[in-house]
Amino acid sequence: MKEAVGKYRPGDRVRVRMEDRPGHIRTPFYIRGKTGWVERVHGEFLNPESLAYGRDGLPKRPLYLIGFHQAEVWGEYSASGRDKLYVDIYEHWLNPA
Amino acid sequence: MPRGHHDLGGTPGGGPIDRSEHQLEDWEILADAVNQALGAKGIRRTDELRRIREEMDAEHYRSMSYYERWIASAETILIEKKILTREEIDRKVAEFEKRWGNP
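Residues numbered from 1 in each chain as written. Chains lettered and ligands numbered in written order. Predicted model: local features only at pLDDT ≥ 70, side-chain atom pairs only at ≥ 80, totals over all residues.

Chemist: Could you give me a rundown of the overall build of chain B, with the residues and numbers involved?
Modeler: Of regular secondary structure, chain B possesses five helices and zero strands. When the elements of chain B are put in sequence order from the N terminus, they spell out α-α-α-α-α. In terms of its C-alpha atoms, chain B occupies a principal-axis envelope of roughly 45 × 30 × 25 Å. Here chain B, with 103 residues, has 11% of them falling under the buried criterion. The long-range fraction of contacts in chain B, counting pairs at least 24 apart against all pairs at least 6 apart in sequence, stands at 67%. (Helix = DSSP H or I, 4+ residues; strand = E, 2+ residues; numbered from the N terminus. Buried ≥ 20, exposed ≤ 12 C-beta atoms within 10 Å, placed from the backbone. Contact = placed C-beta atoms within 7 Å.)

Right, here's the structure in full:
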């Protein structure tokens, strides 16, 4: 059986870190500080924040597909309350919620 | 630095997305080919090129089209890795302009 990757499991509630720092990051601005759930564990990947500067990208970082309710992401969202948004986010950008 | 010039998701006033198909120009296909070749040779990683485009002057970044940004970031990575110098690139561009005229 494949060994479990990362500390979060599907269904866990998470909050994206509200971090603001220079350098290459893959967490879009609009999703920082928002709360969602782990939809899927993608696995472990080389860290793009390190690769971007010609480094080796190690240690690998767990990457998740995180689900959000559109209404939670956008203050004024008038379409269906069931609409969802999915974003790939690395574990070091997440906190438990 | 609240939001990078490349990170536009959710910015108000963006208007609708143009979903129509459009033909690529020959130079755009060439820009992609050079970019793929640099990757295959292990000279650049996608993350490095993204970082370079994010580090560009914001006004300069916005003034360029998608593939113009690709070319500009390929130039920068070649200079960063000491494969070409800015002078060598400028000299070659000047040669091309002399032969084919300034576009």
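Chemist: With reference to specific residues and values, describe the overall build of chain A.
Modeler: Within chain A, the regular secondary structure consists of two helices and five strands. Ordered by position from N to C terminus, the α and β elements of chain A give β-β-α-β-α-β-β. The contacts in chain A between residues at least 6 apart in sequence include a share of 58% that link residues at least 24 apart.

Chemist: Explain unusual backbone geometry to me, and be specific about the residues and the numbers.
Modeler: Between L58 of chain A and P59 of chain A the backbone carries a cis peptide bond, its omega angle lying at -5°. By secondary structure assignment, the location of P59 of chain A is in the loop between α1 (48–51) and β3 (61–69). In this structure, K82 of chain B is a non-glycine residue whose phi angle is positive, near 60°. Structurally, K82 of chain B can be placed in the loop between α4 (66–80) and α5 (86–100).

Chemist: How would you sum up the interface of chain B and chain A? Please name residues and give values.
Modeler: Contacts between chain B and chain A engage 12 residues on the former and 11 residues on the latter. Residues that form the side of chain B that touches chain A fall into these classes: two nonpolar, two polar and eight charged. (Nonpolar A, V, L, I, M, F, W, Y, C, P; charged D, E, K, R; others polar.)

Chemist: I'd like a description of the pairing of strand β1 (residues 13–16) of chain A, backed by residues and values.
Modeler: A regular strand places its side chains on the two faces of the sheet in alternate fashion. Residues and elements named next belong to chain A. The alternating pattern of β1 places V14 and V16 on a buried face and R13 and R15 on a face that is not buried. Bridge count between β1 and strand β5 (residues 94–96): three bridges; the pairing is antiparallel. Residue V16 lies in a different strand from β5, and its bridge partner there is L94. (Pairing = 2+ DSSP bridges.)

Chemist: Residue-level account of the environment of L8 of chain B, with values.
Modeler: Inspection of the secondary structure puts L8 of chain B in the segment before α1 (26–40). The sequence separation of L8 of chain B and E97 of chain B amounts to 89 residues, and the corresponding C-alpha distance is 35 Å.

Chemist: Give me the environment of V87 of chain A: which residues, what numbers.
Modeler: Along the chain, V87 of chain A turns up in strand β4 (residues 84–90). Considering only alpha carbons, one finds V87 of chain A and L65 of chain A, 22 residues apart in sequence, at a separation of 5.7 Å.

Chemist: I'd like to hear about the sheet that holds strand β2 (residues 35–45) of chain A, residue by residue, with values.
Modeler: Residues and elements named next belong to chain A. The strand order β4-β3-β2-β1-β5 describes an open sheet built from five strands, whose pairing is antiparallel. For this open sheet the edge positions go to β4 and β5, each flanked by a neighbour on one side alone. Ignoring strand direction, the axes of neighbouring strands in this sheet form an average angle of 45°. Alignment of β2 against β3, held across seven bridges, turns out to be antiparallel. Within β3, the position partnered with W37 by the bridge is G67. (Axes fitted to C-alpha atoms, helices over the stretch in contact; angles between N-to-C directions.)

Keep in mind these numbers describe shape, not what the thing actually does.
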